[in-house]
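The lines below spell out each chain.
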Amino acid sequence: MFKKSMITIMVLIFVLVSFSMAFASEGPEGNDRKGKYTYRKVYKACSETGGVESATPTISPADKTMGQWKEIFENKDLDEVGCKDNWAALPDEDILDIYSYFYKHASDSPTPAKCK
Amino acid sequence: MKKRYFIMTGLIMLAITALALSFQAVYASTPPDGEEAVGRTLAKQAVKNSQRWTTVDHAKIEALNQDFTSGEEITKACLSCHSEAATQFHKSIHWTWLASGDKSDMRYGKAGYSVNNFCISGNAMEDKSCLSCHPAWNKKGVQGEVNCLQCHNSSGFNFNEALGDIEAFSKDGDPDTKEMMKDLQNEVKEAVVKVTFPTRENCGDCHFTGGGGDGVKHGDLDTSLTKPNRMLDVHMGTDGKDFSCTRCHTTVDHNIAGRIYTNPAVATRKSLLEDDLAPKITCESCHSSEPHKNDSKMNDHTDVVSCQACHIPTYARVNPTKMWWDWSKAGKMKDGKPYVEKGPFGKPIYKSIKGEFKWEKNVVPEYFWSNGSQTSTTADDVIDPAQIVKVSHPVGDRTDPESRIFPFKIHRGKQPYDKVHKKLLAPLLSGEKGYWETLDMNAAIEHGNKAIGIPYSGEFDYVETTYAFPITHMVAPKENAVNCTQCHIRENSRLANITGFYMPGRDKSYLFDTIGWLSVLGALAGVLLHGMGGFFTRNGKEE
């Protein structure tokens, strides 16, 4: 009986750990495609109010690794990206989409963002 | 006293004669100031009208004013007016990636058995990384629809990305994404009408970055030619003539002049005075075969020395170019991971997925006789692995009237070959089964050779190879051209390896040197005696 319980618990732990690892490795679950255009809109709006010089984003997802973007977005440490006020006005869902875009196209991702 | 008088007179006469001869020699090779070289005058005339003109405003074309959802729809719109364009283009080398060569039964070209010592093979269009430069929308090789905009759009807009997003958004129920899709379609609509003759950006997108990066392949073609100054290229310089590529690479039925081993440029080496519809692909087309000032000694060189040999003193003058690629070093790891090591010029000198590299800037070309054709060692040719294999090499020799001494970049490296079949191998690099993903060279070769249909024994090693690129862009201003003494000199002549004939200044020949000196001394003695005879006779008469 004890042996059976131990095996069940071990299997359960294994399944849970595997599931959580798989989930964690996929990163944020937003709409990365939508995030790309939301990010461009944020940047454009920011340039119109003088927050940044360029109307097109100068920071690319491929500028950092997945781990670096994870740290930045999960700590909400977006100063480096600029346009603080515009970010603050964004709903969480949009930020998640943008986070997904940066994460899924980071330099060490399977599909790093390119200029073209 | 009398003896001394004779010696003094003789020396003065000798000095005067030498001065006169020197002056005459200089004068003969330097025409009066203000006279323009014939070749320059002709070239100016040939390119007098610098502005293109058109009878179409594409923004007013109804077929282009629609909400496109795919690239194929855009092409359909183009073909609704340019009905034969795709049919023509399907037969061109830019589409088929197949070329003819010196063996009629061989499949040459990226889609055939041709290899190089960079990324080695296109694997019959199986390598997806190479296909990024194939001008089809679906990037599936010749099965797709032509992407006219790759060469004929000046907007710089990323149509592939936008159309992919439009397709994805169209299947999404989210109202936000529907709005984004509409915005994107408007952006596509605005960009698609910016139709143009191919610009430097259009051509350079692939030709400046061939081999996987800026300046990797050619040495005389890199992104510095997108907006060059006159010092880099007198023809393309934005502060000079500001030529686009198509100014010289003229086109007939979408076949572009300039291909080196299918249609050697020299096959159409003629002046526009001979044929006003001739391709303007050689220097002679505009500058004629005697381009320098009248009586210039340089005009006596043009039947054996190419214009490029003197007028492109060095290549890769702004950006560095890759000179060495050793595949045998690929696959090393750091902390169990592939890595990249950067060196001079900020360029990678090692990549686990590619091997070891060397880069150089301001490179002096190597010179060979060339008639414009190149030999090509393909993946189906038997090689001698004990020798350095010339994957590509110029054809020509000094007895061939079409051959000229021509400058080349020689890219050296090591690449895999089949130890049993003695043939160069074609590893697949990109994609799930490619070497860049698996770092398993044997498996990559199996997949790559299978794609091109050439058997692989299963045993490979590495062989040293060379690949020759003719240097023909980056033409320097005339004041920076190679001067006489860089070739006509005993030590370190640029043409040290062009042997088999006597070249004044560089070579020593007892026979020629003796005859030469005897001629000089004989001429001097003759002039001296003649002068002295006249001098003394006239003196006698006057007295």
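Up top you'll find the structure we're talking about.
On to the overall build of chain B. Tallying secondary structure elements over chain B gives 15 helices and 12 strands in all. By residue count, 33% of the 543 residues in chain B fall in the buried class. In chain B, the proportion of contacts linking residues at least 24 apart, taken out of those at least 6 apart, comes to 66%.

Look at helix H2 (residues 32-48) of chain A: 24 Å from first C-alpha to last across 17 residues, which is about the 24 Å you get at 1.5 Å a residue. Those residues of H2(A) that are buried are in contact with helix H4 (84-88) and helix H5 (92-104) of chain A together with helix H9 (175-192) of chain B. Once H2(A) ends, the next one or two residues include A:Gly50, with phi positive near 85 degrees.

Residues and elements named next belong to chain B. Tracing the backbone through its elements, the reader meets His-530 in helix H15 (residues 510-542). Residue classification places His-530 among the exposed residues on the basis of 12 C-beta atoms within 10 Å. His-530 sits 99 residues away from Gly-431 along the chain, and the two C-alpha atoms are 85 Å apart.

Residue and element names in this part refer to chain A. If you check H5, its first and last C-alpha atoms are 18 Å apart, about what 13 residues at 1.5 Å a residue would give, namely 18 Å. Inspection of H5 places Asp-94, Ile-95, Asp-97, Ile-98, Tyr-99, Ser-100, Tyr-101, Phe-102, Tyr-103 and Lys-104 among the buried residues, and these make up the whole buried set. Where H5 is buried, its residues meet H2 and helix H3 (66-74).

This brings us to the interface of chain A and chain B. Across the contact, 4 residues belong to chain A and 6 residues belong to chain B. Among the residues making up the side of chain A that touches chain B, the classes are represented as 1 nonpolar, no polar and 3 charged.

Before going further, it helps to spend a moment on the environment of A:Tyr43. Residue and element names in this part refer to chain A. Tracing the backbone through its elements, the reader meets Tyr-43 in helix H2. It is 8.3 Å that separates the C-alpha atoms of Tyr-43 and Asn-86, two residues lying 43 residues apart in sequence. In this structure Tyr-43 touches Val-52, Thr-56, Pro-57 and Cys-83, once residues within four positions along its chain are discounted.

Let's shift gears to unusual backbone geometry. Residue and element names in this part refer to chain B. For Ala-316, which is not glycine, the phi dihedral falls at a positive 55 degrees. Among the structural elements, Ala-316 can be located in the loop between helix H12 (307-311) and strand S3 (321-326). Not every positive phi belongs to a glycine, and Asn-362 is a case in point at roughly 50 degrees. Mapping Asn-362 onto the fold places it in the loop between strand S6 (355-360) and strand S7 (366-370). Here Asn-362 falls in the exposed class, since 12 other C-beta atoms lie within 10 Å of it.

Residues and elements named next belong to chain A. At a minimum axis distance of 8 Å, the contact between H3 and H5 shows a crossing angle of 160 degrees. On the basis of their axis angle, the class for H3 and H5 is roughly antiparallel. Crossing angle aside, the handedness with which H3 passes H5 is right-handed. Packed against H3, whose contacting residues are Met-66, Trp-69, Lys-70 and Phe-73, the element H5 presents Tyr-99, Phe-102 and Tyr-103 at the interface. Split by residue class, the contact of H3 with H5 holds 6 nonpolar, no polar and 1 charged.

Let's shift gears to the nonpolar core. Residues and elements named next belong to chain B. Counting residues in each nonpolar core, the largest one holds 53 residues, and the members touching the most others are Val-115, Ala-379, Phe-406, Phe-408, Leu-425, Ala-426 and Ile-452. When contributions to this core are tallied by element, the ones reaching two or more residues are helix H6 (128-131), H12, S6, S7, strand S9 (389-394), strand S10 (404-418), helix H14 (441-452) and strand S12 (460-470). Of all hydrophobic cores here, the second largest spans 18 residues; its members include Ile-74, Leu-149, Leu-163 and Phe-169.

This brings us to the environment of B:Ala111. All names here are of chain B. Along the polypeptide, Ala-111 turns up in the loop between helix H5 (93-96) and H6. Separated by 172 residues in sequence, Ala-111 and Cys-283 place their C-alpha atoms 31 Å apart. Contact partners of Ala-111, with chain neighbours within four places excluded, come to Thr-96, Trp-97, Leu-98, Gly-122, Ala-124 and Met-125.

About the cut-offs
Residues numbered from 1 in each chain as written. Chains lettered and ligands numbered in written order. Predicted model: local features only at pLDDT ≥ 70, side-chain atom pairs only at ≥ 80, totals over all residues. Helix = DSSP H or I, 4+ residues; strand = E, 2+ residues; numbered from the N terminus. Buried ≥ 20, exposed ≤ 12 C-beta atoms within 10 Å, placed from the backbone. Contact = placed C-beta atoms within 7 Å. Expected span 1.5 Å × (residues − 1). Nonpolar A, V, L, I, M, F, W, Y, C, P; charged D, E, K, R; others polar. Axes fitted to C-alpha atoms, helices over the stretch in contact; angles between N-to-C directions. Parallel < 35°, antiparallel > 145°, perpendicular 65-115°, else oblique. Left-handed = near helix turned anticlockwise from the far one by under 90°. Core = buried A, V, L, I, M, F, W, Y, C linked by C-beta atoms within 7 Å.

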